[in-house]
Amino acid sequence: MKETTKKLTLSAMFIAIGILLPFLTGQIPQVGSMMLPMHIPVFLCGLICGWQYGAAVGFILPLLRSVICAAPAMFPMAVSMALELMTYGLVAGLLYGISRHQCIIALYRSMIAAMLGGRVIFGLAMLIFTGIQGNGYTWSAYFASVFLQAIPGIIIQLTLIPAIMLALHKTGLVTFKRHSSGVKNES
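Residues numbered from 1 in each chain as written. Predicted model: local features only at pLDDT ≥ 70, side-chain atom pairs only at ≥ 80, totals over all residues. Heavy atoms only, no water.

A. Structural context of the overall build of the chain. Per the secondary structure count, the chain includes eight helices and two strands. Secondary structure of the chain in N-to-C order comes out as α-α-α-α-α-α-α-α-β-β. For the chain, the proportion of its 187 residues judged to be buried stands at 41%. Long-range contacts, defined here as pairs at least 24 residues apart, represent 68% of the contacts in the chain between residues at least 6 apart. (Helix = DSSP H or I, 4+ residues; strand = E, 2+ residues; numbered from the N terminus. Buried < 20%, exposed > 50% of the residue type's maximum accessible area, 1.4 Å probe, protein only. Contact = heavy atoms within 4.5 Å.)

B. A look at the environment of proline 76. Inspection of the secondary structure assignment puts proline 76 in helix α5 (residues 74-98). By relative accessible area, proline 76 is classed as buried at 13%. Taking the C-alpha atoms as reference points, proline 76 and methionine 126, 50 residues apart in sequence, are found 6.7 Å from one another.

C. Representation of the side chain of serine 110 within the structure. Following the sequence through the fold, serine 110 ends up in helix α6 (residues 104-133). The class for serine 110 is buried, based on a relative accessible area of 1%. A distance of 2.8 Å separates a polar atom in the side chain of serine 110 from the backbone oxygen of alanine 106. Residues within four places of serine 110 in sequence aside, it is in contact with Ala92, Leu95, Tyr96 and Ser99. (Polar contact = N/O pair within 3.5 Å; in protein donor to acceptor, adjacent residues only side chain to side chain.)

D. Structural context of the nonpolar core. Phe43, Leu47, Tyr96, Met111, Ile161 and Met165 are the most contacted members of the largest nonpolar core, which totals 34 residues. For this core, the secondary structure elements donating two or more residues are α1 (2-20), α3 (39-49), α4 (51-69), α5, α6 and α8 (151-171). Here isoleucine 161 is in contact with Ile40, Phe43, Leu44, Leu47, Met111 and Ile156, once residues within four sequence places are set aside. (Core = buried A, V, L, I, M, F, W, Y, C linked by side-chain atoms within 4.5 Å.)

E. Representation of α8 within the structure. For α8, which comprises 21 residues, the first-to-last C-alpha distance of 30 Å matches the rise-based estimate of 30 Å (1.5 Å per residue) to within 8%. Looking only at α8, the buried set comprises Gly153, Ile154, Gln157, Ile161, Pro162 and Met165. Where α8 terminates, the next one or two residues include glycine 172, which has phi positive at roughly 90 degrees. (Expected span 1.5 Å × (residues − 1).)

Listed below in structure tokens is the structure:
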């Protein structure tokens, strides 16, 4: 029960951070889509609290931010982002949680797989939702928005998140684990 309460509290904190971080980009959609500020707390939640919490926070965050701040626009952007961020939290948390060694290498593997999966989900969602609206979502628009425009945010994520996890490990708040012979040993 204590562990569940801790994870719920951390998840609420990650939602709050995810609502506030985009204010650093000045609410400018072009800057936000380059820096990807809402992605950081979702990744951290999935890695620290587990895939269930990461998926829930990822799904809730863009929808809640759209309701509270009117950005991103609810449809199709916030809904597509909810599916994308849910995928980030789920995949990163699941892959990291089942990794034989929970270390920086496992962290990078989990994040990269989650980034690829989330971007595919976002593209499919935008394709479907813009099709429903009668607008086209072209391959070039997908590639530009999901990969090219997001390069600064991807670099920030691949730099900042491992640094935060390492700092949390050094303070003892999050521990990297090694699994050997089916027994968990903390290192």
